[in-house]
Amino acid sequence: MIRFDFARPNDISEAVREGAGDHAAYLAGGTNLVDLMKENVARPLQVVDINGLPLREIAATESGGLRLGALATNSETAYDSRVQSRYPLLASAILAGASPQLRNAATNGGNLNQRTRCYYFYDVDTPCNKRVPGQGCGAIGGRNRIHAILGASDKCIATHPSDMCVALAALEAEVRVTGPGGDRVIPFADYHRLPGDEPWRDNNLRPGELVTAIDLAPEGFAENYTYLKLRDRLSYAFALVSVAVAMRLEEGVIAEARVALGGVAHKPWRSTEAEDALRGAEPSTGAFEAAARTLLAGAEGHEDNAFKIPLARKAIVRALSQAAAGTPQSQTDKRIA
Ligand code: SF4
């Protein structure tokens, strides 16, 4: 049995004090951390249960946006009437993920901080640089059907598993954190990391920092959006490729388009160049194919996952077409329109 200390702080400053140690882990919904502990992948010496903290509220911000408490569950967020009416892209992405039971337990902060589902990461008998720095990567040259085609390194080719985060990337949310050094706000694009030479670092949180909320800007792209997720079965499966599109049309022309990809990289993947090229264009298959080529520039397949490149190309075109037409992908009837 692996022993660990357990703390249940009553306020945020106490939580940060308890979570400041080298081997501490914050526990919220537990839908990933508990699995990792059972598999002997995560071995915290101190578990800090933050479920008693006042971080569950979903409330309007002064700027006219919406603040999602870190401890609001994924279900509470997806079914919040303000999220559904103003940020349907986010609601759709959340409902594309996991299962109802998991969404009822999983929290918004936990969704950001969940770890890759790379098979080798969970198998302590195989090498993994993310689990044990310097050990090697079992997926490179091994089984890599679910792995990255963009932004990978020779140390790690894992993907980030979240659907919610793909929508948050397209919505350009901000992550509010607090920690031993005080409060700060991290733009969503800077929250997660590419693996580089330090694949064990999933995000840019500093030691002991705690996510307190996620801020959504006033613009929610509620008219023209979609979350298209392609996977091996129609529910309860991680994305092989997913595409979040947030678009604004003015007089039939694309005034703004944001495209984020999931299932293809260590973080949600965007391309400023592709989005700039869409601005001012009329919606057309040609413009969408050009955006797909730019988004996927430099994509590299491995033994089992090269299929993701043409799959992503077609998914980007389909998702942009859905968003432009105002016919977002349904998350209940999963047939692709
Ligand atoms: Fe570990 Fe990353 Fe390699 Fe998977 S891809 S085995 S997580 S180093």
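Residues numbered from 1 in each chain as written. Predicted model: local features only at pLDDT ≥ 70, side-chain atom pairs only at ≥ 80, totals over all residues. Heavy atoms only, no water.

Remarks on the domain arrangement of the protein chain
Then, in step 1: In terms of domains, the protein chain is made up of domain 1 (5-51) and domain 2 (224-325).
Then, in step 2: For domain 1 versus domain 2, the separation of C-alpha centres amounts to 36 Å. (Domains from an automatic or database assignment.)

Observations regarding unusual backbone geometry
Then, in step 1: The backbone of N40 shows a phi angle near 70°, a positive value even though the residue is not glycine.
Then, in step 2: Tracing the backbone through its elements, the reader meets N40 in the loop between α2 (33-38) and β3 (46-49).
Then, in step 3: Here the phi dihedral of F221 falls at roughly 55°; this positive angle occurs in a residue that is not glycine.
Then, in step 4: If you trace the backbone, F221 turns up in the loop between β8 (210-216) and β9 (224-230). (Helix = DSSP H or I, 4+ residues; strand = E, 2+ residues; numbered from the N terminus.)

Some points on the site of the ligand
Then, in step 1: As a structural note, the neighbourhood of the ligand is formed by 15 residues, with C118, C128, C137, C156 and I157 the closest of them.
Then, in step 2: Judged by its atoms lying within 2 Å of the grid points, the ligand is housed in the largest cavity.
Then, in step 3: Taken together, the residues that form the shell around the ligand break down as ten nonpolar, three polar and two charged. (Near = heavy atom within 4 Å. 1 Å grid on protein atoms, 1.4 Å probe; cavity = no way out; pocket = protein on both sides within 12 Å on 5 of 7 lines; lining within 4 Å. Sits in = over half its atoms within 2 Å of the grid points. Nonpolar A, V, L, I, M, F, W, Y, C, P; charged D, E, K, R; others polar.)

Focus: the packing of aromatic side chains
Then, in step 1: All chains considered together, the criterion is met by three aromatic pairs.
Then, in step 2: Between Y119 and Y120 the ring centres are 6.1 Å apart and the planes differ by 65°, which places this aromatic pair in the edge-to-face class.
Then, in step 3: The class of Y119 is partly exposed, set by a relative accessible area of 38%.
Then, in step 4: Y120 sits in the buried class, given a relative accessible area of 14%.
Then, in step 5: Taking 6.4 Å as the distance between ring centres and 20° as the angle between the ring planes, the aromatic pair formed by F188 and Y191 counts as stacked. You'll find F188 and Y191 in the same group, each marked buried. (Phe/Tyr/Trp six-rings, centres within 6.5 Å; stacked < 30°, edge-to-face > 60°. Buried < 20%, exposed > 50% of the residue type's maximum accessible area, 1.4 Å probe, protein only.)

Regarding empty space enclosed by the protein
Then, in step 1: In the structure shown here, the tally under the stated rule is three cavities of 30 Å³ or more.
Then, in step 2: Its volume calculated, the largest cavity comes out at about 70 Å³.
Then, in step 3: Lining of the largest cavity is provided by 15 residues; of these, C118, C128, K130, C137 and C156 occupy positions nearest its centre.
Then, in step 4: Tallied by class, the residues present in the lining of the largest cavity amount to ten nonpolar, three polar and two charged. (Points joined across faces, edges and corners; volume = space filled by probe spheres on them.)

Here we look at a negative patch on the surface
Then, in step 1: A contiguous patch of negative charge on the surface is contributed by D35, E39, D123 and D125.
Then, in step 2: Along the chain, D123 turns up in the loop between α8 (119-122) and α9 (164-170).
Then, in step 3: Taking the relative accessible area as the measure of exposure, D123 reaches 32% and is therefore partly exposed. (Patch = residues over 30% accessible without salt bridge, like charges linked within 9 Å, V, L, I, M, F, W, Y side chains within 5 Å. Areas by Shrake-Rupley, 256 points an atom, 1.4 Å probe, with all protein chains shown as cover. Salt bridge = Lys/Arg side-chain N within 4 Å of Asp/Glu carboxyl O. Lys, Arg positive; Asp, Glu negative; His and termini not counted. Charge placed at Lys NZ, Arg CZ, Asp CG, Glu CD.)

A closer look at the pattern of salt bridges
Then, in step 1: Considering all chains together, one arrives at 24 salt bridges under this definition.
Then, in step 2: We note a salt bridge from E198 to R193, for which the minimum N-O separation is 3.3 Å.
Then, in step 3: Several salt bridges share partner residues, and in doing so they unite E172, E219, R248, E250, E256, R258, R270 and E275 into one network.

A short note on the nonpolar core
Then, in step 1: L89, L90, L168 and L216 are the most contacted members of the largest nonpolar core, which totals 39 residues.
Then, in step 2: Within the residue set of this core, elements represented by two or more residues are β5 (66-69), α5 (88-95), α9, β6 (174-179), β8, β9 and β10 (241-250).
Then, in step 3: The element that contributes the greatest number of residues to this core is α9, accounting for seven residues.
Then, in step 4: Non-local contacts of L90, meaning those with residues more than four positions away in its chain, are made with L68, T77, V83, M164, A167, L168, L171 and L216.
Then, in step 5: Listed in part, the 33 residues of the second largest apolar core include V245, I254, L278 and A312. (Core = buried A, V, L, I, M, F, W, Y, C linked by side-chain atoms within 4.5 Å. Contact = heavy atoms within 4.5 Å.)

Description of the side chain of D49
Then, in step 1: Note on placement: D49 falls in strand β3.
Then, in step 2: A distance of 2.8 Å separates the side chain of D49 from the side chain of N51, its partner in a polar contact.
Then, in step 3: Leave out the neighbours within four places in its chain, and D49 touches F6, A7, R8, P9 and L27. (Polar contact = N/O pair within 3.5 Å; in protein donor to acceptor, adjacent residues only side chain to side chain.)

Describing the side chain of H192
Then, in step 1: In this fold, H192 is placed in the loop between β7 (182-187) and β8.
Then, in step 2: The exposure class assigned to H192 is buried, which follows from its relative accessible area of 2%.
Then, in step 3: Those residues within four positions of H192 in sequence are excluded, and the remaining contacts are L112, H160, C165, D202, N203, N204, K267 and P268.

Details of the sheet that holds β9
Then, in step 1: Taken in spatial order, the three strands line up as β9-β10-β11 in an open sheet, and their pairing is antiparallel. Across the chains shown, the open sheet's two edge strands, defined by having one partner strand only, are β9 and β11 (253-262). Each strand of the sheet is rotated relative to its neighbour by a mean of 10°, with strand direction disregarded.
Then, in step 2: With nine bridges connecting them, β10 and β11 associate as antiparallel partners. (Pairing = 2+ DSSP bridges. Axes fitted to C-alpha atoms, helices over the stretch in contact; angles between N-to-C directions.)

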